[in-house]
Amino acid sequence: MEELIKRIQQDGDVLGDGVLKVDSLINHQVDPQLMKNMGELFAKVFAERKVTKVVTIESSGIAPAIFCALELGVPMIFARKSKSLTMNEELLTASVYSFTKQVTSTISISRKFLNESDNVLIIDDFLANGQAAKGLIELCQQAGASVEGIGILIEKSFQDGRQLLEGMGLDVVSLARIQSLKDGEVTFIEADA
């Protein structure tokens, strides 16, 4: 997606160690028009998959996931990283290691929102080592739901996340694919959409 690539080139900061900071458009300040465009593109790409739920993880995946779900006419669910007092029903849970934050979180979704009749589209902001997507896949498997595909805003193609997910037989569609973050420079390879 050219629009996203241009914004990364314009506003992204390489912090070293494979970290790209995009807090002015995705994960602190959010550009709603960009999120809408990306969500609609994911909906178009996965339109034939009979998606019944769009699933993401809090927090940066919520904006594009909600626009995708709106376009598809289905609910959006976000996996929570911490349990609140109101989450007292039976939960689906998985552990997820964050490359950026260097911590492991337990993510959860209430069983009442995800079940065996669901066809899920997973949306996430970054794909690095694939652990967030893998955790969401585990939640879907626990519910008996089918994962129809995975939509990623920014993929770090120099890490092994795509190989992990495709090795599980899943379709991955990334809107921006980064080949390298060396010497403070972002270089791209051809995106999927």
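Since this is a predicted model, take the numbers as computed values, not measurements. (Residues numbered from 1 in each chain as written. Predicted model: local features only at pLDDT ≥ 70, side-chain atom pairs only at ≥ 80, totals over all residues. Heavy atoms only, no water.)

Attention now goes to the packing of helix H1 (residues 2-11) against helix H2 (residues 32-45). At their nearest, the axes of H1 and H2 sit 10 Å apart, and the two run at 145° to each other. Crossing handedness for the pair H1 and H2: left-handed. Judged by residue contacts, Glu3, Leu4 and Arg7 of H1 engage Leu34, Asn37 and Met38 from H2. (Axes fitted to C-alpha atoms, helices over the stretch in contact; angles between N-to-C directions. Helix = DSSP H or I, 4+ residues; strand = E, 2+ residues; numbered from the N terminus. Left-handed = near helix turned anticlockwise from the far one by under 90°. Contact = heavy atoms within 4.5 Å.)

Glu58 connects to Ser59 through a cis peptide bond whose omega is 10°. Along the polypeptide, Ser59 turns up in the loop between strand S3 (53-57) and helix H3 (62-72). Positive phi, close to 55°, is recorded for Lys50, a residue that is not glycine. Tracing the backbone shows Lys50 in the loop between H2 and S3. On the basis of relative accessible area, Lys50 is assigned to the exposed category, the value being 64%. (Buried < 20%, exposed > 50% of the residue type's maximum accessible area, 1.4 Å probe, protein only.)

Once that is clear, we can look at the side chain of Asp124. One can find Asp124 in strand S7 (residues 119-127). For the buried residue Asp124, which engages in no salt bridge, the nearest side chain bearing the opposite charge is Lys81, 7.7 Å off. (Lys, Arg positive; Asp, Glu negative; His and termini not counted. Salt bridge = Lys/Arg side-chain N within 4 Å of Asp/Glu carboxyl O.)

Under the defined criterion, the tally for this structure stands at 12 salt bridges. Measuring nitrogen to oxygen at the nearest pair gives 2.7 Å for the salt bridge that ties Lys36 to Glu40. With Lys36 and Glu40 both in helix H2, this residue pair falls four residues apart, about one helical turn. Classification of Lys36 by relative accessible area gives partly exposed; the value is 32%. Residue Glu166 pairs with Arg162 through a salt bridge whose shortest N-O separation is 3.0 Å. Taken together, the residues Glu166 and Arg162, both in helix H5 (residues 161-167) and four residues apart, mark about one turn of the helix.

Nothing here speaks to function; it is all geometry.
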